[in-house]
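A closer look at the structure
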Amino acid sequence: MNRHLWLLLGAMGCAPVAAVLDPPLAQLNRWNHALPAEIAAEPVSSPCDAANPACRRLHGLRAAACMEQAMAARAPRAACPGLAARPMLDCATAGYEQARAGDASAVLAANHAQALICLGWLSAPDEAARLSRAALSAAASAGPDRAPLLTLRARELGEAR
Amino acid sequence: MPPDSPRLLPMALGAGVAGFLAVTAAMAWPGGLHATQLVAVLIFLVRLGFAAFLWWLAARSFAMLSNPATTADQIAAMRELPMALPEGTVRAVLALIVGVVGLPLLLFTATLGLSDAIAGYVNGIIAGVFGYYFGARAQMPDAQAQRRVTEALTTEQRAHAETRAGAASAAEDAVAAALRPVQEGDATGRLARHLAVAEALVEGFGAALPVGVIPQGAAAMLRQARQALTGNPDLSAIAAATTALTGASGPLASLVSAAAPVLGGVAGGPLAGAALLLGLGWTLSAQGWRRWQAQVLDAPHDPTLFDPGSITPADALASLDAVPDFAAALAGLRNTPGFAAELTDMALRDDGAARLWSAWGAGRFASPAVIEDALTRFRRALLGTEARQDITDTAVTEMATRLSAASPALRPDAPDPEAVRRLLAPTPASAPETARAAMEALTLLTGQLRDTHQDPVELLKEITP
């Protein structure tokens, strides 16, 4: 009986201890059970060393949460949201950029390209052209199922702006 | 004239032999006939026997030729034999003559007073003839056997040839018999296909179509086709009914011709454009077909016509050019950040007109009603942009290739995909009423063909508008 009590207490005390010793790990632990809106509203703990795998994971989770919020704001059948979703797209593009540093995931690349394209349509022409080029680069690393469409849409952005 | 009966032969031969024996006996008898006279009589008798033999041969020959049972093959075979006699007969007769004449000469050389030299010649002749005769007889079995083998082979080959000919004929009959139901089935199926289409046009859409779109004799064509398909199949009746339905005055050909005025611009002519549209409409995805119908029939806006996430700000900008007054009103905003995305967002929402009026209406549009009207046309243009994207260059090329087997008027000549996509625009209000109605009927017919999994290209290949 005493042994079980100690184990319970130890488990309860683990999170506060981890929050002190490794804040990114503690945040990752919380975000694993948080809603996308909660993740999008909370910035990644700072400082967060890029060499720390937990940090890359945190940036990826936040980027995905922001992207989800942005896409949820789209009109029915629209490919991209309107201006109201700009902060979420800013969050998503920044998060994907951090998450992709050292991670060659095709899914991350495809989502990054999508975020860049949508952000480009909400930006001024010069900024849109830069985002178009970045989207083309990210689309090149996307999987073969998504790369063609993303490339096409990145080009459309570049030509329209 | 040949003798009527071969009984003369034994009589002649009997007389010859009796004469020969009598002459021989008379010569042997002391004080008998003079030897020279006896030899002359002997030769005369032999000639008489020989003449009787030839007479008999001629009689047999005439009798055989006059016999109706004698075949041409038998006559031909007789020609290859010496004097139309069994092989060796002539040799035997010659040997017999030499023997019958020569042997007595040899026997009675002294009596006849012949010199030894003449006796030697006669002896040589007899020996030569007999030697040849018996020598030939000795080789004859091989020759006969070979001939018989050859004859047997020939007979066998003839029998095989006859068997093969019989089998081939039987096979041809069997194939013809087997193909008859297939041909009937093909013809029946073809007529049934065209009848189904004609029924849909005449009895389904006919009442709603302007006069002239459906030919006047269409009802009679339907009756003729139904009669041809009832009871025992009659290929000629089926062919006549099919020709009526698929001809230039058939319902489908008439409908395609009626829709032609709004389907120009495609290389190959308006009929080729109609054929392309029908064929492409049939190959579209379900969602693509819904867009097609909504586009051609000018249906009200329905957000579900678009695939999720498919409308991009680039599509909105492209569609804006199709609504010039709307584009002109919004021209000042075009270069502001987020304009295309915002336009897309507002156009695709149910309260889009109110949002537009609230965000950009002031000073640009006279009233919310004006915005509502412009937005309706803009949404239609968006639908057109999406519908055009459903028609790929590859699909156009493939359909043109398939239609190359249709009648010349329906063949698209290297069509420009962009020209084909332009045909998808709603029929202009200025178009003839007949053409508008025909185009709508063609669209409805394509939908029906899709439901029944019936390829319109196969139907188009069989009509001659």
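Further up the page is the structure itself.
Everything numeric in this text was worked out from a predicted model, so none of it was measured.

**A word on the packing of aromatic side chains**
Applying the stated criterion across every chain yields a total of five aromatic pairs over all chains. One aromatic cluster is present, formed by B:Phe326, B:Phe365 and B:Phe378 through successive ring pairs.

**A short note on the interface of chain B and chain A**
Of the residues lining the interface, 24 residues belong to chain B; the matching set on chain A comes to 20 residues. Across the chain B to chain A interface the summed buried area is about 1700 Å²; carbon plus sulfur atoms make up 58%. Counting the surface chain B buries against chain A, the share from its top three residues, B:Gly309, B:Pro337 and B:Leu348, is 24%. For the interface between chain B and chain A, the tally reads zero salt bridges. Inspection of the chain B/chain A interface yields twelve residue pairs in polar contact (both at pLDDT 80 or more). Looking at the side of chain B that touches chain A, the elements with two or more residues in it are helix 12 (313-320) and helix 14 (339-347) of chain B. Broken down by element, the residue count for the side of chain B that touches chain A peaks at five residues, all from helix 14 of chain B. The residue makeup of the side of chain B that touches chain A, split by class, is eleven nonpolar, eight polar and five charged.

**Brief notes about the side chain of B:Gln295**
Residues and elements named next belong to chain B. With respect to the helices, strands and loops of the structure, glutamine 295 is situated in helix 11 (residues 286-296). A distance of 3.5 Å separates a polar side-chain atom of glutamine 295 from the backbone nitrogen of glycine 384. Not counting chain neighbours up to four residues away, the residues in contact with glutamine 295 comprise Arg380, Leu383, Gly384, Leu424, Ala425 and Pro426.

**Some details on a nonpolar patch on the surface**
Residues and elements named next belong to chain B. On the surface, a nonpolar cluster with roughly 250 Å² of combined accessible area is contributed by Phe50, Leu54 and Met83. Checked against the element boundaries, phenylalanine 50 lands in helix 2 (residues 35-66). For phenylalanine 50, a relative accessible area of 31% puts it in the partly exposed group.

**Describing the state of the cysteines**
Residue and element names in this part refer to chain A. Under the counting rule described, the total for this entry stands at three disulfides over all chains. Here cysteine 80 pairs with cysteine 118 through a disulfide, and the sulfurs are 2.1 Å apart. The sign of the S-S torsion, about -80 degrees, decides the handedness of the disulfide formed by cysteine 80 and cysteine 118: left-handed. You can see cysteine 80 sitting in the loop between helix 4 (53-72) and helix 5 (86-100) and its partner cysteine 118 sitting in helix 6 (residues 106-121), a full 38 residues away along the chain. The class of cysteine 118 is buried, set by a relative accessible area of 0%. Taking only the cysteines that form disulfides and numbering them from first to last, chain A has the pattern 1-2, 3-5, 4-6.

**What about the packing of helix 6 of chain A against helix 8 (residues 147-160) of chain A?**
All names here are of chain A. Across the interface, helix 6 lies against helix 8 with an axial gap of 10 Å and an inter-helix angle of 20 degrees. Compared by their axis directions, helix 6 and helix 8 come out roughly parallel. In the crossing of helix 6 with helix 8, the sense of the turn from one axis to the other is left-handed. Here Ala110, Ala113, Gln114, Leu116, Ile117, Gly120 and Trp121 of helix 6 lie close against helix 8, whose contacting residues are Leu150, Arg153, Ala154, Glu156, Leu157 and Ala160. Partitioned by chemical class, the residues of the contact of helix 6 with helix 8 number nine nonpolar, two polar and two charged.

**Digging into helix 12 of chain B**
Along helix 12 of chain B, seven of the eight residues are buried, which leaves the element largely enclosed by surrounding structure. Restricting attention to buried positions, one finds in helix 12 of chain B the residues B:Pro313, B:Ala314, B:Asp315, B:Ala316, B:Leu317, B:Ser319 and B:Leu320. Looking at the buried positions of helix 12 of chain B, the neighbouring elements they touch are helix 6 and helix 8 of chain A together with helix 13 (324-329), helix 14 and helix 16 (368-390) of chain B.

Quick notes on the rules
- Residues numbered from 1 in each chain as written.
- Chains lettered and ligands numbered in written order.
- Predicted model: local features only at pLDDT ≥ 70, side-chain atom pairs only at ≥ 80, totals over all residues.
- Heavy atoms only, no water.
- Phe/Tyr/Trp six-rings, centres within 6.5 Å; stacked < 30°, edge-to-face > 60°.
- Contact = heavy atoms within 4.5 Å.
- Buried area = accessible area lost by both parts, 1.4 Å probe.
- Salt bridge = Lys/Arg side-chain N within 4 Å of Asp/Glu carboxyl O.
- Polar contact = N/O pair within 3.5 Å; in protein donor to acceptor, adjacent residues only side chain to side chain.
- Helix = DSSP H or I, 4+ residues; strand = E, 2+ residues; numbered from the N terminus.
- Nonpolar A, V, L, I, M, F, W, Y, C, P; charged D, E, K, R; others polar.
- Patch = residues over 30% accessible without salt bridge, like charges linked within 9 Å, V, L, I, M, F, W, Y side chains within 5 Å.
- Areas by Shrake-Rupley, 256 points an atom, 1.4 Å probe, with all protein chains shown as cover.
- Buried < 20%, exposed > 50% of the residue type's maximum accessible area, 1.4 Å probe, protein only.
- Disulfide = S-S within 2.5 Å.
- Axes fitted to C-alpha atoms, helices over the stretch in contact; angles between N-to-C directions.
- Parallel < 35°, antiparallel > 145°, perpendicular 65-115°, else oblique.
- Left-handed = near helix turned anticlockwise from the far one by under 90°.

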